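# Coordinate analysis (summary)
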Amino acid sequence: MPRPIPRLQRRCALAIALTTSLLGTGVVLAPQSSAAPTAATAADADGAAIVGENWLDARTVDLMVDSPAVGATLPVRVILPTRYAAQPNRTWPVLYLLQGAHDDYTSWTRETDVAAFMADKDVLTVMPSSGPTGIPTDWWNNGSADAPDYETFQVDELMGLLAQRFRAGTKRAVAGVSTGGYGALAFAARHPGTFGAAASYSGILDTTAFGMPTVLNAIVAREQLPPQTLWGSPLFQRDNWTRHNPYAQARHLKGTKLYVSQGSGLPSDDLGNIEGAVLEGVLWSQAHRFARQLEALNIPAQVHFYNGGVHNWPNWRQEFKASWPTLAAGLGLS
C-alpha cells in the first residue's frame, strides 16, 4: 500500500480511535406490554425459527430468531402497518433498517421517530440485529464453515420467517446508517433483484479504498475480535474483500433505486463533536468514488453530498426522510 501523506494518516488514525464511541450507543431494554396479541408458534425458514415474541405495543414486536446461519438466537424488531389487523388477507412490502457499528437492533426506534413516520405507510418495517460490530455479512473466520453469516440470516432466513408469520410480500427495500449503509448497498448488489431500493447514510461503500480496511478492522477489534476474521487479509484474501465491496459489485445495482448521502465532516459547525466530523470526513472520498462508479456504469442514483455534517443520528434522521421517496418507489408505493 502506498505510504499515506501525513494529513490523511492523521485523519485515519483518529477515525480508528473514534470507532469505540462514535458509531453506536448502549443497549436499551424494551418495555413489556400487557395488551400484546397472542404469540405465534415457531415458524421455520431454512431451519430458522421464531422462538420468542415480546409485544411492546399493538404495532411493535421484538422477535427472538434462532438462526442456523449465525449459530445464535438473535433479536429483530418489527413494526406492523397500522392497517395490518384490519386487512388479514393482505401481504405487505418490507423495509429493512440496518443498525450501525457497536449498536443494536433498537437503534432506529431509540434514535428516530420511525414508528410515527411509518404509521401512515402500508409497510412492514424490520430492524434485525447485525451483531456487535454492526457489519451484516458472512464472516471469514479463517475459512471456517461455522463462521457466523449475518447476511444469510437477514436476506434468506428472516425473509422466509416474515413471509410465514407476518405476511411479508416480495417488494423490499433496505436502508442503513454507517456499517448498516454498507449492508444496504452490499445486500442489493450481492442479491440482484431482491431489493427494489437501497439507501446508505454515511456508509462504507468502497471497502478497499484508502483507509477503509483499517477502519473496518478497527470496528472488529473494538469488539475484541481478531480483525482479519471479517473477510481475511485485504492482501491475501483480496478476492473475498472484492466480493463484499459495493464499489466492486456496483454493476449488479442496475435496476435498483438508490439513495446515497454523505457529509464532508470538516469544516463543521458542530464544535462539540469535532471527532464525529473527522470520522464523517474520512468517509467522504470513498463515497464520491462509489458515486463516480455508478455514473460510469450509467446507474442512476439520488446522491446527497453535503458540507459539514457529523457521523451521528441527527444527520441520519434527516437523510432517512429525504430518501423516503426513493425507498417508497422501490417498494412499489404510489
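A few points on the structure. Predicted model only: the values in this text are computed from it and were never measured.

Next up on the list: the environment of glutamine 87. For glutamine 87, the location among the structural elements is in the loop between β4 (72–79) and β5 (92–98). For glutamine 87, the contacting residues outside a window of four places in its chain are Trp92 and Arg167.

Further remarks concern the pattern of salt bridges. Here the structure, examined in full by the defined rule, presents 12 salt bridges. Taking the shortest distance from any N to any O, the salt bridge between arginine 83 and aspartate 122 comes out at 2.3 Å. Within this pair, whereas arginine 83 is found in the loop between β4 and β5, its partner aspartate 122 is found in the loop between α3 (114–117) and β6 (124–128), the two being separated by 39 residues in sequence. With a shortest N-O distance of 2.8 Å, arginine 110 and aspartate 103 are connected by a salt bridge. Assessed through its relative accessible area of 8%, aspartate 103 is described here as buried.

With a phi close to 50 degrees, asparagine 141 is a non-glycine residue in the positive phi region. Mapped onto the secondary structure, asparagine 141 falls in the loop between β6 and α4 (150–166). Classification of asparagine 141 as partly exposed rests on a relative accessible area of 26%. A positive phi angle, near 60 degrees, is found at glutamine 224, a position not held by glycine. Within the secondary structure, glutamine 224 is located in the loop between α6 (212–222) and α7 (238–243). Judged by relative accessible area, which is 76%, glutamine 224 ranks as exposed.

Let us now look at the pairing of strand β8 (residues 197–201). Among the five residues that make up β8, five are buried, leaving the element largely enclosed by the rest of the structure. Side chains Ala197, Ala199 and Tyr201 of β8 all project onto a buried face; the interleaved residues Ala198 and Ser200 project onto the opposite face, where all are buried too. Sheet analysis places strand β7 (residues 168–177) next to β8, joined by five bridges and oriented parallel. When the sheet's bridge partners are listed, alanine 175 is paired in β8 with alanine 199. The parallel pair β7 and β8 is bridged by helix α5 (residues 179–190), and the resulting crossover is right-handed. Examined bridge by bridge, β8 and strand β9 (residues 257–263) share five bridges and lie parallel to one another. Considered in β9, the bridge of tyrosine 201 is made with serine 261.

Our focus in this paragraph is α4. With 17 residues, α4 ought to run about 24 Å at 1.5 Å a step, yet its terminal C-alpha atoms sit only 21 Å apart, falling short of that. Approximately 35 degrees is the largest bend angle found in α4, and it occurs at leucine 158. Counting buried positions along α4 yields 12 of 17 residues, so the element is predominantly enclosed. Among the residues making up α4, those that are buried are Tyr150, Glu151, Phe153, Gln154, Val155, Glu157, Leu158, Met159, Leu161, Leu162, Arg165 and Phe166. Its side-chain oxygen placed 3.2 Å from the backbone nitrogen of glutamate 151, aspartate 149 serves as the N-cap of α4. Arginine 167 sits one or two positions beyond α4 and adopts a positive phi of about 55 degrees.

Analysis parameters
Residues numbered from 1 in each chain as written. Predicted model: local features only at pLDDT ≥ 70, side-chain atom pairs only at ≥ 80, totals over all residues. Heavy atoms only, no water. Helix = DSSP H or I, 4+ residues; strand = E, 2+ residues; numbered from the N terminus. Contact = heavy atoms within 4.5 Å. Salt bridge = Lys/Arg side-chain N within 4 Å of Asp/Glu carboxyl O. Buried < 20%, exposed > 50% of the residue type's maximum accessible area, 1.4 Å probe, protein only. Pairing = 2+ DSSP bridges. Right-handed = clockwise from strand over helix to strand, strands pointing away. Expected span 1.5 Å × (residues − 1). Bend = angle between axes of the 7 residues up to and from the residue. Polar contact = N/O pair within 3.5 Å; in protein donor to acceptor, adjacent residues only side chain to side chain.

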